[in-house]
Amino acid sequence: MDGLKDGVILCELINKLQPGSVQKVNEPIQNWHKLENIGNFLRAITRYGVKPHDIFEANDLFENTNHTQVQSTLIALASQAKTLGNNVGLGVKYAEKQQRRFQPEKLREGQSIIGLQMGTNKFASQQGMTAYGTRRHLYDPKLGTEQPLDQATISLQMGTNKGASQAGMTAPGTKRQILAPALGMERCDALTIGLQMGSNKGASQRGMTVYGLPRQVCDPKYCPGLLDGLDGPDHHP
């Protein structure tokens, strides 16, 4: 890098690639001559097409502070020279800009197309599907029933209830009596539940007072005849 610090070789390089880029090359007598040569080189390669972010600063070379950036600038200059058609053995050729222009009608057509980056449903659709909440019947070919002609029927792939229904079921919360066949009770209505639901063995709350009323406790050992007197027709309080 010491041979490049005066800027003379750099100015000759850019003049070789593009003659007349640096009009005057100073003799490296004093430091300001060297810095001026480096500055002229940097301005010349900027006009030549090297990107500003690839160019080093004068102090990076003159004060040996950033030799890596100096090397990057020289490689970028070689790549630009190769792109412009010069025979250079360093760097890479930049790709040329390929700009496409489409008509507005063609651009509007593309707005209705979703690219595969968004995924694909493999051409599946919801054609023939009923609206959400619509009643749909079950069809079982094994039952020998005719296949319905509407689109509201679901095949057994959706499951089946084997012909069961809720016919005769009462509404939720409706009172239902319990029937115990062992008690000889007859089923008199459709609101009776079998013993699978449990049983109170015929017990009831008949004769019970209203909740909260006081009830006296009587022991026959201490009150002989009291219960008989209460059951008689001539009982007085």
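Look up a bit, the structure's there.
This structure is a prediction, so every number in the text was calculated from the model and none was measured.

A.B. asks: Help me understand the nonpolar core, please; the structure alone is not making it clear to me.
C.D. replies: Nonpolar side chains in soluble globular proteins tend to end up buried together. Grouped together as the largest cluster of nonpolar side chains are 20 residues, with contacts concentrated most on Ile14, Phe41, Leu42, Ile45, Phe56, Leu61 and Leu77. Only α1 (8-17), α2 (31-48), α3 (58-62) and α4 (67-83) provide two or more residues apiece to this core. The element that contributes the greatest number of residues to this core is α2, accounting for six residues. Leave out the neighbours within four places in its chain, and isoleucine 45 touches Ile14, Val50, Ile55, Thr73 and Leu77.

A.B. asks: For this particular structure, what's the right way to read the packing of α2 against α4?
C.D. replies: A packed helix pair is summarised by two numbers, namely the angle formed by the two axes and the spacing between the axes. Axis separation between α2 and α4 bottoms out at 11 Å; the angle between their running directions is 35 degrees. In the packing of α2 onto α4, the handedness of the crossing is left-handed. Across from Phe41, Ile45 and Tyr48 in α2, the residues of α4 making contact are Thr73, Leu74, Leu77, Gln80 and Ala81. Of the residues assigned to the contact of α2 with α4, the class counts are six nonpolar, two polar and no charged.

Calculation rules
- Residues numbered from 1 in each chain as written.
- Predicted model: local features only at pLDDT ≥ 70, side-chain atom pairs only at ≥ 80, totals over all residues.
- Heavy atoms only, no water.
- Core = buried A, V, L, I, M, F, W, Y, C linked by side-chain atoms within 4.5 Å.
- Buried < 20%, exposed > 50% of the residue type's maximum accessible area, 1.4 Å probe, protein only.
- Helix = DSSP H or I, 4+ residues; strand = E, 2+ residues; numbered from the N terminus.
- Contact = heavy atoms within 4.5 Å.
- Axes fitted to C-alpha atoms, helices over the stretch in contact; angles between N-to-C directions.
- Left-handed = near helix turned anticlockwise from the far one by under 90°.
- Nonpolar A, V, L, I, M, F, W, Y, C, P; charged D, E, K, R; others polar.

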